[in-house]
Amino acid sequence: ESLAMAMRERLVDGLRQRNVEITSDLDPAPASTIVTFAMGSPRETESFVAAAAEQNISLTYRNGWVRSAVHFWNDAADVDRLLDFGGALADISPL
């Protein structure tokens, strides 16, 4: 569980560095490995999730935001791949 929480923190830090709107409750007391965030408008966010699926990045679109969950089998490379994908997509199309 500590590895999964470390990967959650890596994801949150990376999203913050990229000025992505995080919609998860970041209070450490009830923290889970689920991180939710928006990639622009609901339509842009839904498109982001669809584009991620084409790259074998597993995310879910929920109520206008992205739902990402890291688990004990995820490592830093997995998190960085998601962050890099989001950054590359943002460079190509305005979010």
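Here's what I pulled together on the structure shown here. Here the structure is a predicted model, which means the values were calculated and not measured.

### A word on the packing of aromatic side chains
- Under the definition given, this model contains two aromatic pairs.
- Geometrically, the ring pair formed by Phe37 and Phe48 is edge-to-face, given 6.3 Å between the ring centres and 70° between the ring planes. One end of the pair, Phe37, is in strand E2 (residues 34-38); the other, Phe48, is in helix H2 (residues 42-54), with eleven residues separating them in the sequence. With respect to burial, Phe37 and Phe48 carry one shared label: buried.
- Measuring from centroid to centroid gives 5.5 Å for Phe48 and Phe85, while their planes differ by 45°, and the two rings are tilted. Note that Phe48 is positioned in helix H2 and Phe85 in helix H3 (residues 76-92), a separation of 37 residues in sequence.
- Classification of Phe85 by relative accessible area gives buried; the value is 15%.
- Clustering of aromatic rings is evident, with ring pairs tying together Phe37, Phe48 and Phe85.

### Quick notes on the layout of surface pockets
- Each pocket or cavity is described by its volume, and for the largest pocket that value is around 240 Å³.
- If you trace the largest pocket, you find 13 residues lining it, with Ile57, Ser58, Asn74, Asp78 and Leu82 closest to the centre.
- The set of elements that each furnish at least two residues to the lining of the largest pocket consists of strand E4 (65-69) and H3.
- Ranked by residue count, the leading element in the lining of the largest pocket is H3, at four residues.
- Residue composition of the lining of the largest pocket, by class: seven nonpolar, four polar and two charged.

Reading the values: rules and limits
Residues numbered from 1 in each chain as written. Predicted model: local features only at pLDDT ≥ 70, side-chain atom pairs only at ≥ 80, totals over all residues. Heavy atoms only, no water. Phe/Tyr/Trp six-rings, centres within 6.5 Å; stacked < 30°, edge-to-face > 60°. Helix = DSSP H or I, 4+ residues; strand = E, 2+ residues; numbered from the N terminus. Buried < 20%, exposed > 50% of the residue type's maximum accessible area, 1.4 Å probe, protein only. 1 Å grid on protein atoms, 1.4 Å probe; cavity = no way out; pocket = protein on both sides within 12 Å on 5 of 7 lines; lining within 4 Å. Points joined across faces, edges and corners; volume = space filled by probe spheres on them. Nonpolar A, V, L, I, M, F, W, Y, C, P; charged D, E, K, R; others polar.

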